[in-house]
Amino acid sequence: MSTGEENGDKEKKKQKKESVEEKKLSRRKKKDEKEKHEQALKPEVERSERVLLRGIFKVGKKSHDVLLTSTRLSWTPVLPESPAGETRRPPPRVLMLRDVLAAKVKRRRAAGRSSGGPVLGLTLFYCVRKGRRLEEDTLHLHNASSEHTRAWYDGVKELLAGFSHRPRRVKVFINPSSHKKEAVHIYREHVAPLFKMADVRTDITVTERKGHALSVMKELKTEDFDGVVCVGGDGSVAELCHAVVLRAQLDAGSPAVPAAAPLPLGIIPAGSTDVISCSVHGVRDPVTAALHIVLGHVQRADMCSFRRAGRPPLFGFSAMWGFGGRVLARAEKKRWMPSATRRDYALLKTLADLRAQDCRLSFVAARSHHRPEAGVEDQDGGHLEEAESWSTNPGPYLSVSIMAIPCLSPHTPRGLAPNTRLANGSAALIAVADTSSSEFVKHLKKLSAPAGQLDFSFVEAHDVTAVKLRPPTRSEDDDDTPVVGFPWNIDGELLEIPDEVLVRVHPRLLALYGEDVDEAESRASCGCL
């Protein structure tokens with residue numbers, strides 16, 4: 001071989017080597033750019049939280065890269081690389097673990113079998129929010145590997161078990177007589193499956209009489225439970241709220257002083273109006289109420305004590321004297337009627353005999369009174385009167401209402417007390433002075449309107465922390481509604497009281513499963529309608 005040919009071969013080899021080096025450098029450069037691009041596309045959760053598990057699952061019909069951290073699960077489609085070596089991944093989808101109810105291993109089972117079968121993957125049951133409503137939904141992660149699925153199942157279960165605020169065992173009271181006697185059906189159809197799915201154990205008492213729940217609560221081993229659940233109407237809820245507060249007083253060793261109840265109460269609506277449930281959840285929906293319980297959403301709520309001389313206090317959320325009390329008294333005398341017919345009859349009959357009643361109404365305005373936490377009170381169960389500034393109005397009044405909650409219902413989407421919240425340390429005092437029947441009817445109609453409930457010259461509204469109402473010395477009720485005293489409507493229960501009643505607001509006295517209802521704009525379209 002000549003020298004020229006040798007030099008030519010060397011030159012070719014040199015060029016080939018340089019070409020290979022250039023290709024390697026180009027590939028390395030592209031790889032670095034790709035890694036930078038993928039790092040920029042990684043979800044924020046991967047950069048800020050430690051990834052506990054990472055794997056490939058099919059979501060729908062596509063494979064996804066799934067990441068699990070201590071607070072969330074995210075998944076991103078696995079896409080093929082483009083010819084240029086670049087991959088544009090869409091942003092990941094994220095499911096917060098705080099919204100996950102339960103995790104189950106998904107299997108293919110033969111007909112007639114209730115266990116076993118090949119593993120198909122993991123199913124997560126979670127909660128979605130639609131306005132004020134909560135609904136159950138599912139996420140299916142498909143992977144046929146038994147070991148892979150089991151590792152993810154154990155990882156998710158361990159994280160869910162770390163939510164210590166979620167109840168593990170609850171005491172359930174069901175009033176089978178509520179409204180159309182649907183409480184048992186509502187619990188079995190809508191509540192029990194969610195409790196079972198989330199591994200919430202239950203101990204159920206079906207109440208047989210008025211006061212049954214109260215007697216059970218007095219003897220209950222509260223340390224065995226994380227919460228109490230009531231399935232029923234406003235009367236059942238009021239009785240159980242009263243029972244929970246009384247039990248807290250006994251446990252605190254101070255039966256004369258209200259003590260903050262540590263055991264949360266869940267309210268499953270099963271009544272005719274469900275005022276308390278609507279006020280707590282913003283909607284009249286048993287599934288929403290049950291999901292709040294499962295997820296451990298707890299809020300504090302103010303309550304009122306109603307005291308009369310020589311009697312133990314009664315705890316509740318609202319009270320009506322005058323028109324509201326007389327309507328309930330008439331309705332109770334017609335229990336044989338259907339509930340809607342009975343309500344309409346009592347309302348029309350009382351309107352036909354509308355009259356104001358003399359009384360002495362005194363109150364302490366909230367702005368002039370210190371708002372203590374529950375339990376910071378004097379030994380008589382009330383605040384020291386010399387430190388209070390009382391205002392007195394002599395009446396007469398057609399109606400007097402004291403409400404520590406908004407009192408939402410299907411008939412009053414903004415509530416009887418639209419400016420009241422569950423835990424603002426005060427109650428709404430709404431007093432309707434003497435006026436004509438036509439003007440009073442206009443006021444009643446406004447209660448179902450989106451605004452203007454209090455825009456009448458004869459309606460007084462005050463934010464208060466204490467109220468005294470002293471009725472006339474003798475009853476002026478008509479002959480067809482004989483009473484021992486004047487009728488009071490306390491949370492839908494009728495009490496006939498002949499003498500003065502002292503009402504006090506106790507801030508944040510009760511723990512309830514649920515979340516704060518939004519401001520007025522969301523309540524105007526209340527889902528309980």
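Every value quoted in this text rests on a predicted model; they were computed, and no experiment measured them.

Visitor: I would appreciate a short explanation of the overall build of the chain in the present structure.
Guide: Assigned secondary structure in the chain consists of 12 helices and 22 strands. Scored against the burial criterion, the 529 residues of the chain give a buried share of 49%. As presented, the chain carries roughly 26,200 Å² of accessible surface, and 50% of it is formed by carbon and sulfur atoms.

Visitor: What is the right way to look at helix α8 (residues 286-295) in this model?
Guide: An α-helical segment advances 3.6 residues per turn. Residues three or four places apart therefore align on the same side. When you tally the buried positions in α8, you get 9 out of 10 residues, the bulk of the element. Inspection of α8 places Pro-286, Thr-288, Ala-289, Ala-290, Leu-291, His-292, Ile-293, Val-294 and Leu-295 among the buried residues, and these make up the whole buried set. One or two residues past the end of α8 sits Gly-296, with phi positive at roughly 75 degrees.

Visitor: How do you make sense of the packing of aromatic side chains when you look at a structure like this?
Guide: For any pair of aromatic rings, geometry is given as the distance between the ring centres together with the angle between the planes. Following the criterion strictly, the structure yields 5 aromatic pairs and no others. Aromatic side chains Tyr-187 and Phe-195 sit 6.4 Å apart centroid to centroid with 70 degrees between the ring planes, which places their arrangement in the edge-to-face category. For Tyr-187, a relative accessible area of 5% puts it in the buried group. Consider the rings of Phe-323 and Phe-440, whose centres lie 4.9 Å apart with planes at 70 degrees: the pair is edge-to-face. Residue Phe-323 is found in helix α9 (residues 323-332), and its partner Phe-440 is found in helix α11 (residues 437-446); the two are separated by 117 residues along the sequence. Here the basic side chain of Lys-171 rests over the ring of Phe-173, its NZ or CZ set 5.5 Å away from the ring centre. Stacked on the ring of Trp-390, the Lys or Arg Lys-468 has its end atom at 4.7 Å from the ring centre.

Visitor: Just checking my understanding: could you explain the pattern of salt bridges for this structure?
Guide: Between side chains of opposite charge, a pair can form when the charged atoms approach closely. For the structure on display, the rule yields 17 salt bridges. A salt bridge links Lys-157 to Asp-199; the shortest N-O distance between them is 3.0 Å. Here Asp-199 lies in the loop between α4 (183-197) and β9 (201-206) and Lys-157 lies in helix α3 (residues 146-161), a separation of 42 residues in the sequence. One salt-bridge network, in which partners are shared between bridges, spans Arg-326, Arg-330, Asp-353 and Arg-355.

Visitor: Teacher, can you tell me more about the confidence of the model for the chain here?
Guide: Averaged over all residues, the pLDDT of the chain equals 83, while 79% of them reach at least 70. This model gives residues 374-384 a pLDDT under 50, and the stretch forms 30 contacts once residues within four places in sequence are excluded. Here residues 519-529 scores under 50 on pLDDT; set against residues more than four positions off or in separate chains, the count is 27 contacts.

Visitor: Please explain unusual backbone geometry as it appears in this structure.
Guide: One can expect most non-glycine residues to show negative phi and most peptide bonds to be in trans. Phi is positive for Asp-491, close to 50 degrees, though the residue is something other than glycine. Position of Asp-491 relative to the elements: it lies in the loop between β20 (486-490) and β21 (493-497). The residue Arg-508 is not glycine, and still its phi comes out positive at about 50 degrees. The topology assignment puts Arg-508 in strand β22 (residues 501-513).

Visitor: Sorry if this is basic, but what is going on with the packing of α9 against helix α10 (residues 339-352) here?
Guide: The angle between the axes and the distance between the axes are what describe a pair of packed helices. The N-to-C vectors of α9 and α10 enclose an angle of 130 degrees; their axes lie 8 Å apart at closest approach. Judged by the angle between their axes, α9 and α10 are oblique. The hand of the α9/α10 crossing is right-handed. Residue-level inspection shows Phe-323, Arg-326, Val-327, Arg-330 and Ala-331 of α9 in contact with α10, the latter providing Arg-342, Ala-346, Leu-347, Lys-349, Thr-350 and Leu-351. Tallied by class, the residues present in the contact of α9 with α10 amount to 6 nonpolar, 1 polar and 4 charged.

Visitor: I would appreciate a short explanation of α4 in the present structure.
Guide: With 15 residues, α4 extends 20 Å from end C-alpha to end C-alpha; this agrees with the ideal 21 Å at 1.5 Å per step. A bend of about 45 degrees at Val-191 is the largest found in α4, and the proline Pro-193 appears one to four places after it. Taken residue by residue, α4 has Ala-183, Ile-186, Tyr-187, Val-191, Leu-194, Phe-195 and Met-197 as its buried positions. Directly beyond the C-terminal end of α4, a positive phi value near 60 degrees is found at Asp-199.

Visitor: I'm lost on the environment of Pro-262 in this one. Help?
Guide: Tracing the backbone through its elements, the reader meets Pro-262 in the loop between α6 (234-252) and β11 (265-269). Overall, Pro-262 belongs to the exposed group, its relative accessible area being 68%. Considering only alpha carbons, one finds Pro-262 and Val-245, 17 residues apart in sequence, at a separation of 9.1 Å.

Visitor: Would you mind showing me how to read the side chain of Thr-76 here?
Guide: Structurally, Thr-76 can be placed in strand β3 (residues 72-77). Given the relative accessible area of 6%, Thr-76 is considered buried. Look past the residues within four positions of Thr-76 in its chain and what remains in contact with it is Ser-63, His-64, Asp-65, Arg-89, Pro-90 and Pro-92.

Visitor: Please explain the environment of Pro-406 as it appears in this structure.
Guide: Tracing the backbone through its elements, the reader meets Pro-406 in the loop between β17 (397-403) and β18 (427-433). For Pro-406, a relative accessible area of 4% translates into the label buried. Separated by 88 residues in sequence, Pro-406 and Ser-318 have C-alpha atoms that sit 9.3 Å apart.

Visitor: How should I be thinking about the side chain of Thr-222 in this particular structure?
Guide: Along the chain, the position of Thr-222 falls in the loop between α5 (212-219) and β10 (227-232). Here Thr-222 falls in the buried class, since its relative accessible area comes to 17%. What Thr-222 contacts, discounting residues up to four positions off in sequence, is Arg-247, Asp-251 and Leu-263.

Visitor: Explain the pairing of strand β15 (residues 360-365) here, please?
Guide: In the case of a regular strand, side chains alternate between the two sheet surfaces. Of all the 6 residues making up β15, 5 are buried; the element is thus mostly covered by neighbouring parts of the structure. With 4 bridges connecting them, β15 and strand β16 (residues 390-393) associate as antiparallel partners. Across the sheet, the residue bridging to Phe-363 is Ser-391, located in β16.

Visitor: Any chance you could explain the pairing of β20 here in plain terms?
Guide: Taking burial as the measure, the 5 residues of β20 include 5 buried ones, the bulk of the element. Burial of the side chains of β20 extends over both faces: Phe-486, Trp-488 and Ile-490 are buried on one face and Pro-487 and Asn-489 on the other. Bridge count between strand β14 (residues 318-322) and β20: 3 bridges; the pairing is antiparallel. The partner of Trp-321 across the bridge, within β20, is Trp-488. Alignment of β20 against β21, held across 5 bridges, turns out to be antiparallel. Counted as the bridge partner of Phe-486 is Ile-497 from β21.

Each value, and the rule that gives it
- Residues numbered from 1 in each chain as written.
- Predicted model: local features only at pLDDT ≥ 70, side-chain atom pairs only at ≥ 80, totals over all residues.
- Heavy atoms only, no water.
- Helix = DSSP H or I, 4+ residues; strand = E, 2+ residues; numbered from the N terminus.
- Buried < 20%, exposed > 50% of the residue type's maximum accessible area, 1.4 Å probe, protein only.
- Areas by Shrake-Rupley, 256 points an atom, 1.4 Å probe, with all protein chains shown as cover.
- Phe/Tyr/Trp six-rings, centres within 6.5 Å; stacked < 30°, edge-to-face > 60°.
- Lys NZ or Arg CZ within 6 Å of the ring centre and 35° of its normal.
- Salt bridge = Lys/Arg side-chain N within 4 Å of Asp/Glu carboxyl O.
- pLDDT = per-residue confidence, 0-100.
- Contact = heavy atoms within 4.5 Å.
- Axes fitted to C-alpha atoms, helices over the stretch in contact; angles between N-to-C directions.
- Parallel < 35°, antiparallel > 145°, perpendicular 65-115°, else oblique.
- Left-handed = near helix turned anticlockwise from the far one by under 90°.
- Nonpolar A, V, L, I, M, F, W, Y, C, P; charged D, E, K, R; others polar.
- Expected span 1.5 Å × (residues − 1).
- Bend = angle between axes of the 7 residues up to and from the residue.
- Pairing = 2+ DSSP bridges.

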